[in-house]
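Survey of secondary and tertiary structure
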Amino acid sequence: MKKIVTLFTIVALSSFSLIAQNSSTKKADKHFARFEFIEAAEDYKELIEDGKGDTYVYSQLAESYYNVFNTQEAEKWYAKALETADSPEMIFKYSQMLKANGKYEESNVQMAKFAKMRPSDDRAIAYNKNPDYLPKILEKGKKFNIQSLGFNTQYSDFGGTLKDGKLYITSARNTSRKTYGWNEEPFLDIYELVKNEDGTYQAATLVEDKVNTKHHEGIVSFSPDGKTMYFSRESFFEKEYEKDSLTKVRYSLLHLFKAKKVGDKWSNVEGFSINSENYSVKNPSVSPDGKTLYFASDMPGGFGMFDIYKASINGDGSLGEPMNLGQKVNTQGQEMFPFISSDNTLYFSSNGHLGLGNLDVFHTKVVDGTTGPVKNIGIPINSSADDFAFNFDEETKEGYVSSNRDGGLGGDDIYGIKRLQPLNDVLVASTVVDSKTGNPVNAASVTLYDDQGNKVLSKVTNSDGTVDFIIESDKDAELEVVLDGYVSQKIKVSATNEEEVILNIMLDPIDEIIKPEEIILNPIFFEFDKSNITAQAAFELDKLVQIMNKYPEMVINAKSHTDNRGSASYNEKLSDRRAKTTVQYVISKGIDKSRISGEGKGENEPKVDCGSNCTEEEHQMNRRSEFIIVSGGPQTK
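Residues numbered from 1 in each chain as written. Predicted model: local features only at pLDDT ≥ 70, side-chain atom pairs only at ≥ 80, totals over all residues. Heavy atoms only, no water.

What follows concerns helix 6 (residues 88–100). Two residues of an α-helix separated by three or four positions point the same way, owing to the 3.6 residues in each turn. With 13 residues, helix 6 extends 18 Å from end C-alpha to end C-alpha; this agrees with the ideal 18 Å at 1.5 Å per step. Of all 13 residues making up helix 6, 13 are buried, and the element is well covered by its neighbours. The first or second residue beyond helix 6 is Gly 102, which carries a positive phi of 80 degrees. (Helix = DSSP H or I, 4+ residues; strand = E, 2+ residues; numbered from the N terminus. Expected span 1.5 Å × (residues − 1). Buried < 20%, exposed > 50% of the residue type's maximum accessible area, 1.4 Å probe, protein only.)

Let's shift gears to the nonpolar core. Counting residues in hydrophobic clusters, the biggest one holds 41 residues, and the most contacted among them are Tyr 44 and Tyr 78. When contributions to this core are tallied by element, the ones reaching two or more residues are helix 2 (26–33), helix 3 (37–49), helix 4 (55–67), helix 5 (71–81), helix 6, helix 7 (104–117), helix 8 (122–129) and helix 9 (133–138). For Tyr 78, the contacting residues outside a window of four places in its chain are Ala 62, Glu 63, Tyr 66, Met 90, Lys 93, Tyr 94 and Met 97. Ala 538, Ile 547, Met 548 and Phe 627 belong to the second-largest nonpolar core, a separate cluster that totals 26 residues. (Core = buried A, V, L, I, M, F, W, Y, C linked by side-chain atoms within 4.5 Å. Contact = heavy atoms within 4.5 Å.)

In this section: the environment of Pro 131. Its location among the elements puts Pro 131 in the loop between helix 8 and helix 9. Classification of Pro 131 by relative accessible area gives partly exposed; the value is 32%.

The subject of this paragraph is the environment of Thr 461. With respect to the element layout, Thr 461 can be found in the loop between strand 28 (455–460) and strand 29 (466–472). By relative accessible area, Thr 461 is classed as buried at 3%. The spatial distance from the C-alpha of Thr 461 to the C-alpha of Asp 474 is 26 Å, given a sequence separation of 13 residues. Apart from residues no more than four positions distant in its own chain, Thr 461 is found in contact with Val 432, Val 441, Asn 442, Ala 443, Ala 444, Val 446, Thr 466 and Val 467. One polar contact links the side chain of Thr 461 to the main-chain amide nitrogen of Ala 443, over a distance of 3.0 Å. (Polar contact = N/O pair within 3.5 Å; in protein donor to acceptor, adjacent residues only side chain to side chain.)

Strands in a sheet are paired, the pairing made by backbone hydrogen bonds, and the direction either parallel or antiparallel. Taken in spatial order, the four strands of this open sheet run 2-3-6-7, and their pairing is antiparallel. Both edges of this open sheet fall to strand 2 (157–163) and strand 7 (205–206), since each of them pairs with a single strand only. In the sheet, strand 6 (residues 189–194) pairs with strand 7 via two bridges, with the strands oriented antiparallel. Bridged to Tyr 191 within strand 7 is Leu 206. (Pairing = 2+ DSSP bridges.)

When the terminal C-alpha atoms of helix 10 (residues 535–550) are compared, their 23 Å separation across 16 residues agrees well with the 22 Å that a helix rising 1.5 Å per residue should span. Those residues of helix 10 that fall on the buried side of the exposure criterion are Ala 537, Ala 538, Phe 539, Glu 540, Leu 541, Lys 543, Leu 544, Val 545, Gln 546, Ile 547 and Met 548.

Applying the stated criterion across every chain yields a total of 28 salt bridges. When the shortest N-O distance is used, the salt bridge between Arg 419 and Glu 394 registers 3.4 Å. Separated by 25 residues along the polypeptide, Arg 419 in strand 25 (residues 413–419) and Glu 394 in the loop between strand 23 (387–393) and strand 24 (398–403) bring together distant segments of the chain. For the pair Arg 419 and Glu 394, one class covers both residues: buried. Connected through salt bridges with shared partners, the residues Glu 89, Arg 118, Asp 121 and Arg 123 form a single ionic network. (Salt bridge = Lys/Arg side-chain N within 4 Å of Asp/Glu carboxyl O.)

This brings us to the packing of aromatic side chains. The way to describe two aromatic rings as a pair is by their centre distance and the angle between their planes. This structure, assessed with the given rule, holds 19 aromatic pairs. Of the aromatic side chains, those joined through ring pairs into one cluster are Phe 144, Phe 339, Tyr 347, Phe 390 and Phe 392. Sitting over the ring of Tyr 191, Arg 173 keeps its end group 5.5 Å from the ring centre. Lying across the ring of Phe 306, Lys 282 places its NZ or CZ 4.1 Å from the centre. (Phe/Tyr/Trp six-rings, centres within 6.5 Å; stacked < 30°, edge-to-face > 60°. Lys NZ or Arg CZ within 6 Å of the ring centre and 35° of its normal.)

Counting buried residues along strand 26 (residues 425–434), nine of its ten residues qualify, which places the element largely inside the surrounding structure. In this structure, strand 26 lies alongside strand 29, joined through seven bridges in antiparallel fashion. Bridge pairing in strand 29 links Val 426 to Ile 471. Pairing of strand 26 with strand 32 (residues 500–507), which is carried by eight bridges, proceeds in the parallel orientation. When the bridges of strand 32 are listed, Asp 434 appears paired with Leu 507.

Most of strand 14 (residues 281–286) is tucked away, with six of its six residues classed as buried. Bridge analysis of strand 14 against strand 15 (residues 292–297) gives four bridges, and the strand direction is antiparallel. Among the inter-strand pairings, Lys 282 is bridged to a residue of strand 15, identified as Ala 296. Counted along the chain from strand 14 to the antiparallel partner strand 15, the turn is five residues long, and its residue Gly 290 has a positive phi close to 75 degrees.

Given below as structure tokens:
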């Protein structure tokens, strides 16, 4: 994948070390300037073996390995260079390599240094807001199955766009092409593979030569009708490039093209007006309605090295004015490989947002032209390596992602994916504390209920009073918190687009609801014309049971009242049934029957005497249960 990153960008990334080159490094520097990183690394290593190693040589060697994703060697030589250097960008890259090698704690140490040196950098701001981000990503849970596909080769293979029964990929497998000095693999071409009904693939074949050239071609996207292909290509094809006046090295860019399908062939290849000799445009993705093209570019006015943009697709096939997606999506790092799905979820890869490796896959919802919070898609899609070119069918729940993770056949490999669980989730981070002391409450039982009232999961708070749950972002949920000695609570968690909801739950000591003459519970609701105990009523009555267990001499008289709608005799009978059911529930929890009695008062003792002119609020106040302390309460001792 590294070869498809615009060459101009790599020069910019390496600029912190260029000031120290000298005559002894001339040969190595020439290879480096030509993006022949393997030869450059060999030359820099020879200099070190000859005793000519210094900060510049170490940093250039690290950069050479970084650009071919040799993470072990890149880590080693960044560490050596940083013994005598303090470049923030080098520290950031060192952190990325440590992370790629699974050294998360050491990576965070370097990120903290970077954040201190560049506090206004988007990457630093994100880290300072959430320095413990790695466990949260790792603990999200497995949302996908992922497996390597049988058509991968020893060369770089990436992308994966399925259209009309054919899978289109980008690959360096064409050994008839010249090799590219960056990693000594052939130039990239676009291939197509027919997908069989059993899910297997036929042999890969080159897309026609009007699409493929002797230069690099990148990943593709299609119009909804499949008659227009969008793809990126190296600007050498158009004889557009930048030339270094000293080294004479030519630097290409990446441009966007489209091809029209005529019969079974692709033809009428043409570029877009947004292409420029000054910047790259790549990684196209067409919206489901065919009206918008998303892409990555390092055009002026962006927030980082590569940003994600969108442009309208006009009726004549031209593109409108590019619009940057803004700082929610784009950072001072790199954002690339956008893919917009049928439900308007935008997936993309980034090394600027907090992730597990160098490039991670992220997602965000696009609603009415605006983007929601950006979320890491988690494992196993993301790894400690580069993960990119995510493409997904929301109906079949299947798709593709590319990665240079360990275990692959080539530099980059294509993986088939299948989603197992809904993707959009929210971390509910709860802390339970004593309302009087402010101290954390240990061993409280916290139960999660879904939007249908079904119990999902129960956990117990730790010594810090904390407990975390993952819920779906588009559905309400409820937490129930119970601990002996405290008033139980229920907390509603509303649907949200935020990645994390922080709850501070205050538990009152149970004696707070004991008044001189009665126990104050929340209203106990019964279903219309019924007297059976509901889940809500049981939750409240359990508080009464807890108090009666704490005070074994306490005797309670439960009174049930109705409003004045309906006949007086009917209301009295209904309230009596409800009072007796309430008593039976408390007895079922182990309270001796001699300690609790119940009576129905019907509409005879209204709390608000409003006659026939009661408001709904007044009716609700009259429709109540009361728990009178007959004897044995704490105030009577």
